[in-house]
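Letter by letter, the chains look like this.
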Amino acid sequence: MLEINDLIKQFDQPGGGQLTVLDIPQYSLGAGEQAALIGESGGGKTTLLHLIAGLLSATSGSIRVDNLELTQLSEAGRDRFRAATVGYVFQTFNLLPAFSAIENVQLGMAFGGRSVDPTRAAELLGRVGLADRADYRPSQLSVGQQQRVAIARSLAGRPKLLLADEPTANVDPSSAESVLDLILQACRQEDIALLMVTHSVEVAQRFTRVDRLEQINRAFAVQS
Amino acid sequence: MPLLFIAWRNFCYRALSSFLTTLSLTLGVALVVVVLSIYGIITEAFVRNASVGCNLVVGPKGSALQLTLNSVYYLSQPIENLPFTTYMEFFPAERRAAMVEKYGGDPALGERDGKYAAYVGGGFAIPLALGDYFGEYRVVGTTTDFFERLRHGPEVDQPFSFEAGRPFVEYHPEHEVFEAVLGSRVAATMGLSVGDTMNPTHGDPEGKGHGQGFHVVGIMDPTGTPNDRAVFVNLEGFYLLEGHAKPVDTEALIAPPERGNSPGEIPADIDLLTIPEREVTSILVQNRPRMFAVPLQNMINESVQAQAAAPVGEINKLMSMFVGPITKALLAITAITCFVAAVGVLVAIYNSMNDRRRDIAIMRALGARRDSVTVIILLESLIIAVLGGLIGWLLAHLAIYASGGYIEAQTGVQISLWSLSENEIYLLPLVLLLSLIAGLVPALSAYRTDVGTNLSA
């Protein structure tokens, strides 16, 4: 599902020169596989997810997702790829405040030339336990409820790969547990590969496969 | 999910900002529509006022426009006067002889046809004598032909009707030759009604009052023409006012009048002015067939004393001279108002961009293309333009429609809710275009939004 080879991501530094944030010789994830990628804050976890989602371009190297070489795709191609293949759960939920819960879920299938399936949106909202909150705005939902809506939205487009960026970091411990359960269960049910980045050992312990970013990222060794 | 729906949701979410921006555009559009409509009403009022039922105005040599303004619009000052004999030139020998017999004058005048008589054909020539005032309103000395022959209205086919009373008659046993008819506005503002007496002042509104009063016998219905603000008096009575008789050459040949005493005829014991003592300020001429108007106008203009002007032509010249530039100024105001409103749209949406960069980044993360988020911002701008444009247009028309009674009373122009003024149909497309252009700046900002930075923010 995911195959990374010789991936390098550099950013321009304000004082000139370039900072290498990621230098990953090889990393892969099988179809339907679930992995936690643990790393410290500022270690490049979010950057890696953005690269896999096609939100950022790699400086060099190869990222293949579902047999598509992202580094060869145009920006429009990456947009289509993202809409069709990837689901994304953010640390800060990133729900659109102008839309109701059900509409936020529908937005997950609104782009990339697909048609919105209201039945699936309602079914997903029901699956995360918010069927009765369909018309609520994000500001009317609790933090945990917001993250559950975000999970439903990430699943709306039937992705093959779900990227989760510290999804439990901003919710209370009891909600964190249920959020994690929801993600893991949904990915299992729909055979979605899951890559969750986290700095939490407790969260990582829920996964059978746990990778450490420091171990796969050569740039980390150089920086430290 | 259609992009329009997303744009609409964003519009609704920023309710106060959206409302204020739309309101500003609404008021701008309403202002423009009102200005254009007022211009349209003024133009129509001018044009319909020029359609006074005559196709030529004859007066002394001078400015044709001034002649039209003072004889048709009762504005400006009369140029000079014409001898009564010029008026007689519009009649055949028989009528001329009757005039000599009635008023007294050179019998030779009645021995030939007037030189313009053949051109008048089945039409008419109505004399006007101006120079006196009643308050700020003009007093017009004329004959009963004014009410019997002249027509008004959009098709120039409506006879004058009376809110009260009747038109004056040439002679009334009680009022003799001193009867007056008031235009609707004169009656309303001067507070006169049928049965009252009005005293004209000589020369200007502040001038000395004539001792002789006229009995008000009729008040006209509103016509939407300058006749609403004039007082019409019997020409014979007008002539008899102090200072209105032209000094006569003592050697002039004047046969005394030979009036009988038949009913309705002016009795012989009333001393009417003789023909040499009479003058007219202008003559309203309607000729039949109308094809004779041009040769008649040329013939009169070739004469030594008189000129003939076509009121509609003169007013059109005036319109193109003054109203043309005003139109351009109004259109400039329109464009500036629309531009300012469009800048308001730009500022409002652009200011909201800081708040919504994150939203845009989220949509991009969900698979939205750059051009999709650009279109969403442009659609928001269009929503504001369509709502502001339509509500503003409707508001302006409702306001104009609500003022319809007042406008009709003042100008005679009837207003319907859907009366469109010239250039108005271009307004909405112009507003849409300007708003689209205004939306381009924030849309470009949306296009350039960096997803990574704004998602992490």
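For the structure, see preceding data.
None of the values given here were measured: they were computed from a predicted structure. (Residues numbered from 1 in each chain as written. Chains lettered and ligands numbered in written order. Predicted model: local features only at pLDDT ≥ 70, side-chain atom pairs only at ≥ 80, totals over all residues. Heavy atoms only, no water.)

## Notes on the packing of aromatic side chains
Residues and elements named next belong to chain B.
Part 1: All chains considered together, the criterion is met by 17 aromatic pairs over all chains.
Part 2: Both rings, one in Tyr87 and one in Phe91, keep their centres 5.0 Å apart while their planes meet at 75°; by these two values the pair is edge-to-face. Pair check on accessibility: Tyr87 and Phe91 agree, each one buried.
Part 3: Their ring planes at 80° and their centres at 5.8 Å tell us that Phe147 and Phe232 sit as a pair that is edge-to-face. (Phe/Tyr/Trp six-rings, centres within 6.5 Å; stacked < 30°, edge-to-face > 60°. Buried < 20%, exposed > 50% of the residue type's maximum accessible area, 1.4 Å probe, protein only.)

## Observations concerning the sheet that holds strand β9 (residues 209-212) of chain A
All names here are of chain A.
Part 1: Pairing is parallel in the open sheet, where five strands are placed in the order β6-β7-β8-β3-β9. Taken across any chain shown, the strands that pair with only one partner, and hence form the sheet edges, are β6 (86-89) and β9. Each neighbouring strand pair of the sheet contributes to a mean axis angle of 20°, computed without reference to strand direction.
Part 2: With five bridges connecting them, strand β7 (residues 161-165) and strand β8 (residues 193-198) associate as parallel partners. Looking at the pairing, Leu162 lines up with Leu194 of β8. (Pairing = 2+ DSSP bridges. Helix = DSSP H or I, 4+ residues; strand = E, 2+ residues; numbered from the N terminus. Axes fitted to C-alpha atoms, helices over the stretch in contact; angles between N-to-C directions.)

## What about the pattern of salt bridges?
Part 1: Enumeration over the complete set of coordinates arrives at 26 salt bridges over all chains.
Part 2: Here Arg278 of chain B and Glu236 of chain B are joined by a salt bridge, their closest N and O atoms 2.4 Å apart. Taken together, the positions of Arg278 of chain B in the loop between α9 (235-239) and β11 (279-280) and Glu236 of chain B in helix α9 put the pair 42 residues apart, joining distant regions of the chain. For the pair formed by Arg278 of chain B and Glu236 of chain B, the shared burial category is buried.
Part 3: The network of salt bridges with common partners includes Glu75, Asp79 and Arg82 of chain A together with Arg364 and Arg370 of chain B. (Salt bridge = Lys/Arg side-chain N within 4 Å of Asp/Glu carboxyl O.)

## Some remarks on the packing of helix α11 (residues 311-365) of chain B against helix α12 (residues 370-402) of chain B
Residue and element names in this part refer to chain B.
Part 1: In contact at an axis separation of 11 Å, α11 and α12 are set at 145° when each is read in the N-to-C sense. The two elements α11 and α12 meet at a crossing, and its hand is right-handed. Across the interface between the two elements, Val345, Ile349, Met353, Arg356, Ile360, Met363 and Arg364 from α11 touch Arg370, Val373, Ile376, Ile377, Glu380, Ser381 and Ile384 from α12. (Left-handed = near helix turned anticlockwise from the far one by under 90°. Contact = heavy atoms within 4.5 Å.)

## A short note on the sheet that holds strand β2 (residues 18-29) of chain A
All names here are of chain A.
Part 1: Taking strand neighbours across the sheet as the criterion, the four strands line up as β2-β1-β4-β5 in an open arrangement whose pairing is antiparallel. Taken across any chain shown, the strands that pair with only one partner, and hence form the sheet edges, are β2 and β5 (68-69).
Part 2: Here strand β4 (residues 60-65) pairs with β5 via two bridges, running antiparallel. Looking at β5, one finds that Arg64 is bridged to Glu69.

Interpretation in functional terms is not warranted from these geometric data alone.
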